[in-house]
Amino acid sequence: TGARLQARHLNVYINGAHILKDINVEIPRNKITCIIGPSGCGKSTLLRTFNRLNDNIEGLRMTGEVTFDGDNILKAGSSRLSELRRNIGLVPQRPCPLPMSIYDNVAYGCRIHGIHNRHQQNKIVRHYLRAVGLWDEVKDRLSSPASRLSGGQQQRLCLARSLAVEPTYLLADESTSALDPISSHKIEELFTELKVNNSIVMVTHTLSQALRIADHVIFMYMGKVVEEGDAEQVFRHP
Ligand code: ADP
Ligand code: ADP
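Described in the following lines is the structure provided in the data block. Remember, it's a predicted structure, so these values are computed and weren't measured experimentally.

Quick notes on the rules
Residues numbered from 1 in each chain as written. Chains lettered and ligands numbered in written order. Predicted model: local features only at pLDDT ≥ 70, side-chain atom pairs only at ≥ 80, totals over all residues. Heavy atoms only, no water. Patch = residues over 30% accessible without salt bridge, like charges linked within 9 Å, V, L, I, M, F, W, Y side chains within 5 Å. Areas by Shrake-Rupley, 256 points an atom, 1.4 Å probe, with all protein chains shown as cover. Salt bridge = Lys/Arg side-chain N within 4 Å of Asp/Glu carboxyl O. Helix = DSSP H or I, 4+ residues; strand = E, 2+ residues; numbered from the N terminus. Buried < 20%, exposed > 50% of the residue type's maximum accessible area, 1.4 Å probe, protein only. Near = heavy atom within 4 Å. Polar contact = N/O pair within 3.5 Å; in protein donor to acceptor, adjacent residues only side chain to side chain. Nonpolar A, V, L, I, M, F, W, Y, C, P; charged D, E, K, R; others polar.

**Digging into a nonpolar patch on the surface**
So, step 1. On the surface, Tyr221, Met222 and Val226 cluster together into a nonpolar patch covering about 340 Å² of accessible area.
So, step 2. Structurally, the position occupied by valine 226 is in strand E10 (residues 224-230).
So, step 3. The exposure class of valine 226 is exposed, given its relative accessible area of 54%.

**Observations regarding the site of ligand 1**
So, step 1. All residues adjacent to ligand 1 are Ile14, Ile19, Pro38, Ser39, Gly40, Cys41, Gly42, Lys43, Ser44, Thr45 and Ile57.
So, step 2. Cysteine 41 is positioned with one of its backbone polar atoms (N or O) 3.2 Å from an oxygen atom of ligand 1.
So, step 3. Interatomic distance of 2.5 Å between a side-chain N/O atom of threonine 45 and an oxygen atom of ligand 1.
So, step 4. Coverage of ligand 1 by the protein amounts to 57% of the 560 Å² it exposes when considered alone.
So, step 5. Ranked by residues supplied to the shell around ligand 1, first place goes to helix H1 (residues 43-49) with 3 residues.

**Things to note about the site of ligand 2**
So, step 1. Neighbouring ligand 2 are the residues Tyr103, Arg118, Asn122, Arg126, Trp135, Leu142 and Ser143.
So, step 2. Out of a free accessible area of 530 Å², ligand 2 has 49% covered by protein chains.
So, step 3. Residue classes in the shell around ligand 2 are distributed as 3 nonpolar, 2 polar and 2 charged.

Next up, the structure:
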């Protein structure tokens, strides 16, 4: 299937500062796309533009287009936006579980899809907690507040919550940065399995991670995309 998410002549300004400069990218379906580049080059800003999470930044101005299924999402109204965010989910860099139990954080995704049956919810919660490697650690305290988990556990919980919404595109902002190497590898493996049904866009500042898992890469530098393409080709001809 072809690309459905793309940016065309996208410019982002914050208080007059030119943060993203004429971005033209296509995010392929059912692949892992890695956005790579030094700190401050605009990776998060680009990622967050894909589901309009930058909207609340004061002094923000955007020009150009970000299209999803051919529809310019920069022009989407609020009801279209919430529908869009179900299709394009974001796992933030700093984990921010909802102020509720571990269980309910994940079950939230089920409710979005109208799954209210407790037995079904239990199965889904268990499925996604297992997928992120958290089930064994939390299965005996599912009703305790998510805020009691460690940073790394919260990051995996937030990932499970985003996955339970079953978005078409999953945007991940350095989702493995707070994790130990083993958990980090588990998440990488999970992303590789997920791309069968979902498309992943992840920000990383570690080239080695991109080398391991990227199918498609976007290199950024000082607000610009300096290279974009199939990972094998880009990495083979640097
Ligand atoms: P990266 O993810 O590559 O580290 P960011 O997208 O976070 O880069 O930031 C790109 C640039 O935009 C930086 O210069 C940063 O200071 C600026 N920026 C990001 N968010 C804001 C904001 N809310 N207000 C002002 N400047 C911001
Ligand atoms: P509550 O009063 O919050 O529903 P319960 O005693 O029913 O508390 O269970 C504690 C939490 O653990 C609940 O949120 C419940 O849905 C969840 N839970 C119980 N059994 C399972 C299970 N087998 N798999 C997943 N979650 C479960």
